[in-house]
Amino acid sequence: MASQRDPMVNRDVALVDYHCHLDLYPDCVRQFAACTQQAIATLAVTTTPRAWTRNKEMAAASAYVRVGLGMHPHLVGTGELDIRLFERLLPESRFVGEIGLDAGPSYYRHYQEQKMLFDQILRLCGAASGKILSIHSVRSAKDVLQGIEQHIAPSKCRAVLHWFTGSSSDARRAVSLGCYFSVNAPMLAKPEIAKFLAVVPKGRLLTETDGPFTLSGTAPARPADVARTVTRLAALLNLDEFECRALLRNNLSALEDWSEIG
Ligand code: MN
């Protein structure tokens, strides 16, 4: 598969924000540019395939921003999600997301439709192979992992579980399925993070902001704010900041080099 970017550029990566909705900031063009200027390797996830073309245009000049082709579970039932358009665009993208399941109270009434759609997406990705998927799994870790196991793991695609809140046994199962985890500031502030880090190898960790849906102080988090998450993660892993940045850069390369040959 031809690469859309030189993998060697990862040597220059300062920070990794592997799940950010760059297109949802009012000054989104500036946000794309800031990732490039500050050497932040960013996975710009989208919520609908209709956003794909515009996001690709904004990322075109950047060696740091990757764009995910998305079908967000919160939009199931709104008429915004066109699986045919997703299928048509899929060959153009190595990255898929945000996709996933949400069984929280606000979205549970569409849960069966979410599951059908997620199943279709995973089938398409499994058939295409070589994709990297950023996956939402609120109160649905077991169903998400079952889908991954059935359709894409471990050899067809790689899943990055975003803001994972499953149990330790779910995390262990995810590790065995080859999953990576993008962790953010709210996750690292919770006491349960110690249990999570006890079962997930540090070679499977990436960082994210999920901006603009998380806050840094009182303002929506921006990719550069992932630096605070790295500081906190370094402390939790008993690494110094420099080692933690190198770890994340290496994990990024391992994940994306895999997809080169997947
Ligand atoms: Mn998100």
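See the structure above.
Summarised in this report is the structure supplied together with it. Note that the structure is predicted; figures quoted are calculated from it, not measured.

**Digging into the pairing of strand S5 (residues 132–138)**
By the criterion of burial, S5 is predominantly enclosed, with six of the seven residues buried. Pairing of strand S4 (residues 95–102) with S5, which is carried by six bridges, proceeds in the parallel orientation. Within S5, the residue paired with Leu 101 across the bridge is Ser 137. The parallel pair S4 and S5 is bridged by helix H4 (residues 111–128), and the resulting crossover is right-handed. Two strands pair when backbone bridges link them, and S5 and strand S6 (residues 158–162) are joined in this way by four bridges, in the parallel orientation. The residue bridging Leu 133 from the neighbouring strand is Ala 159, located in S6. Each parallel crossover has a hand, and the one from S5 via helix H5 (residues 141–151) to S6 is right-handed.

**Focus on the sheet that holds strand S3 (residues 65–67)**
Sheet architecture is open: three strands sit in the order S1-S2-S3, paired in parallel fashion. Looking at the sheet topology across the chains shown, the edges are occupied by strand S1 (15–20) and S3. Between one strand axis and the next, the sheet turns by 10 degrees as a mean value, whatever way the strands run. Relative to S3, strand S2 (residues 40–44) runs parallel, the two being bridged by three bridges. Residue pairing in the sheet places Leu 43 in a bridge with Arg 66 of S3.

**Regarding the state of the cysteines**
Applying the stated criterion to the full structure yields zero disulfides. Not engaged in a disulfide, the cysteine Cys 35 finds its nearest cysteine sulfur in Cys 20; these two sulfurs lie 6.5 Å apart. Sulfur of Cys 179: no disulfide; nearest cysteine sulfur belongs to Cys 157 and is 11 Å away. Judged by its relative accessible area of 0%, Cys 179 falls in the buried class.

**Quick notes on the pattern of salt bridges**
Counting across every chain of the model gives eight salt bridges. Residue Arg 123 is joined to Asp 119 by a salt bridge in which the shortest nitrogen-to-oxygen separation is 3.1 Å. With Arg 123 and Asp 119 both in helix H4 and four residues apart, the pair spans about one turn of that helix. For Arg 123, a relative accessible area of 49% corresponds to the partly exposed category. Two residues, Glu 149 and Arg 173, come together in a salt bridge whose shortest N-O distance is 3.0 Å. You can see Glu 149 sitting in helix H5 and its partner Arg 173 sitting in helix H6 (residues 168–176), a full 24 residues away along the chain. Using a relative accessible area of 27% as the deciding quantity, one classes Arg 173 as partly exposed.

Conventions used here
- Residues numbered from 1 in each chain as written.
- Predicted model: local features only at pLDDT ≥ 70, side-chain atom pairs only at ≥ 80, totals over all residues.
- Heavy atoms only, no water.
- Buried < 20%, exposed > 50% of the residue type's maximum accessible area, 1.4 Å probe, protein only.
- Helix = DSSP H or I, 4+ residues; strand = E, 2+ residues; numbered from the N terminus.
- Pairing = 2+ DSSP bridges.
- Right-handed = clockwise from strand over helix to strand, strands pointing away.
- Axes fitted to C-alpha atoms, helices over the stretch in contact; angles between N-to-C directions.
- Disulfide = S-S within 2.5 Å.
- Salt bridge = Lys/Arg side-chain N within 4 Å of Asp/Glu carboxyl O.

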